Each structure stands twice: as structure tokens, then as C-alpha cells.
Amino acid sequence: MKIVVGDRNVLPHTEQLSTGLPDDVEVVWVVPFDEAAAIEVLGDADVYVGGRFSAAMGAAAPRLRMIHVAGAGTDNVDRSGLGPDVLVCNTFHHEQSIAEYIVAATVMMRRDFLVQDRALRDGRFRTSVYDPSIPQPMSLSGARIGFVGFGHIGQRTWRLFEAYGCVGAAVTGSGRDTGASLEWHSDTSDLVKLMQWSDVVVVSAPLTDDTRGMIGASELASLGADGVLVNVGRGPLVQEQALFDALSDRVIAAAAIDVWYRYPGPDGVGKPSALPFEELPNILMTPHSSGVTHHTFVGRVADIAANITRLHQREMQCRY
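Residues numbered from 1 in each chain as written. Predicted model: local features only at pLDDT ≥ 70, side-chain atom pairs only at ≥ 80, totals over all residues. Heavy atoms only, no water.

Novice: Can you walk me through unusual backbone geometry in this structure?
Specialist: Glycine aside, negative phi is the norm for most residues, and most peptide bonds take the trans geometry. Along the chain, valine 31 connects to proline 32 via a cis peptide bond; the corresponding omega equals 0°. Within the fold, proline 32 resides in the loop between strand E2 (26–29) and helix H2 (35–41). The backbone phi angle of histidine 93 is positive, close to 70°, even though this residue is not glycine. Positionally, histidine 93 belongs in the loop between strand E5 (87–89) and helix H4 (95–110). The exposure class assigned to histidine 93 is partly exposed, which follows from its relative accessible area of 29%. Its identity as a non-glycine residue notwithstanding, arginine 314 has a phi of 70°, on the positive side. Along the chain, arginine 314 turns up in the segment after helix H10 (294–312). (Helix = DSSP H or I, 4+ residues; strand = E, 2+ residues; numbered from the N terminus. Buried < 20%, exposed > 50% of the residue type's maximum accessible area, 1.4 Å probe, protein only.)

Printed below as a string of C-alpha cells:
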């Protein structure tokens, strides 16, 4: 069995991956990812591990039996060149790391720590202690946290927020009650109600034709001037221009954005948007890194090795 790995996040866990695979498996690394280089070695490959898979790669891999994304999202896998029996597997383990990011980002934005940091670098103690025009910030105790999407990430995040004494609510595609101790839950027809109700809105819904652009100018206006938005789902869930305008015009107080509208090539260089978000003082910008921790990828590599081993044993099923 031949495995081609095109995800550099797996590289630090080479020994763990090797130990978890059958002895007769050959592993070929294409790191950093390069489509042309991957195509050259996919001809006799049984498994591809990586988040990007094009139709051209599929056409070059007639023996392929499995694509294993080293993460949750499979939206960058083009299935048009794949046979009907090719498994496309994913894996999670990012819930705790992303939940920590969401809570930390929420505290930073609600407490105005980014602005205070920049001011203090210029010698200004920007706090209500020295400037009575600055309001005292709010703690998390009693804060209303609204979740747009309430899957693995939302449920783990709610456990952390709940420990701080927050109140929660959620809207999801199904509106199904998960049994969590939320004040209320509904389907996405109540999205505006959720935005009006919330102090902080956490976006972690999947990106589909139905959810693309689901949060626009009217929804952000409903969140209000004291509201904070945290997006860890996909950038286009929130309309790009509407988000920029809402932050620029202080329609909402602040945002923490970890998912974007543009992504770079393998060199990691490129602007995340056509709009100058970097000029705004009330945004925390991170490079889709909320789930990228050692903890996350130890769990993911264990799943990848286990699923490849099952395939090797002719068990055609993905598990995580």
C-alpha cells in the first residue's frame, strides 16, 4: 500500500504516523504541498492524506481508494475525478483548541485588550482609571452567548462559557435540541432573534449553499454596538463587505476572525481579504490557526493511521 501525504501539519507527527501504520506501507511526502509534484507520485497511490485534492489529482490516481483530510472540512476535495468507491474521510479533535481560542478572543475583544496594548506601546494608559470617558468593560459573567451552528465546536465551547457563568442559545439548520443547558434553541429562521439576544455570537456552522452569506448587514445591525462576533466556521458565512462596514462604522463593537475570504499558496503570503481589515483597531485577525495545536494533530494523526489500517485490512469504513 502506498500513501501520499500532502499536509505539512502531519509532518511533526511522522513517528506517530509510522508507528500506527502496517509495516508494509510506503509513505511518500509532498510537503509543502505542490499539486504538480503530487500528481507525479499519485499514479500507484492507494491513499492521499491532505486537505486539497483537485480533479487533476483524481485523474492521475486510478488506484486511489481513500482520501483522508487531516481536519474536519472536505470542501477542498474535488470529487469529480474520483470513482464511486473512493472513501473521503475526515477527522476532528480540534474542539478543545478552538473552544479555548473563542473564549480567549471573546475576553480580549470585550475587555478591549488589543486597543489597550497598542496604546500602552505609545505610553498611554487607556483605561477608565485615567480617562472617565472610557466605560468600564464587561466580564463574561452573565454574558449572553449565541451560537450559529452547535456541533462539535459549539458544544465544547459552550462548556467553557458555561463555567464562566454565561447564558447560551443556539440556532442550527435542524433546530434540534442537543440536550445542552442552553436557555433556548431554534432553527436558522430565528437567526435575527439570536443576534438581537446575544452579547457575543460564535459562528461555527458549515459552509453550504444555504449558509453562504447568512450573516449580512441586517444581522450585524441586530447584534448591536456592544456586540462581538467570533467566526471560526468559514469566512463566507459572513458577508465580507457587511462585516468590514459594521466594524468600520462601529455597528458592532468588535470581531475575532479566524477564517477568511482569500487564502495564500504554500508560502503563506497573501492578504486574507480584498478589504483592508488590517487597518481596523477593533478586530482580532488570526490565520485559520484556532485549531492548530499539538493536541489537535496528535488526535488527528491517530485517526488517520487507524483508518488507513482498516483500509489495509479491507474494512471500507471511516471512523473518528
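Once you've had a look at it, read on.
Novice: So what exactly am I meant to see when it comes to the pairing of strand E1 (residues 2–5) here?
Specialist: Residues in a regular strand project their side chains so that they alternate between the two faces of the sheet. What you see with E1 is no split at all: Lys2 and Val4 on one side and Ile3 and Val5 on the other are buried throughout. The pairing of E1 with E2 spans four bridges and is parallel. Residue pairing in the sheet places isoleucine 3 in a bridge with valine 27 of E2. In this fold, E1 hands off to helix H1 (residues 14–20), which returns the chain to E2; that crossover is right-handed. (Pairing = 2+ DSSP bridges. Right-handed = clockwise from strand over helix to strand, strands pointing away.)

Novice: Explain the sheet that holds strand E4 (residues 66–68) here, please?
Specialist: Spatial ordering of the open sheet is given by E2-E1-E3-E4-E5, a layout of five strands whose pairing is parallel. One side of each edge strand has no neighbouring strand; the edge strands of this open sheet are E2 and E5. Across the sheet, the axes of successive neighbouring strands diverge by a mean angle of 15°, strand direction being ignored. Contacts between H10 and the sheet are confined to E1, strand E3 (47–49), E4 and E5, with E4 contributing the most and set at about 170° to the helix. (Axes fitted to C-alpha atoms, helices over the stretch in contact; angles between N-to-C directions. Contact = heavy atoms within 4.5 Å.)

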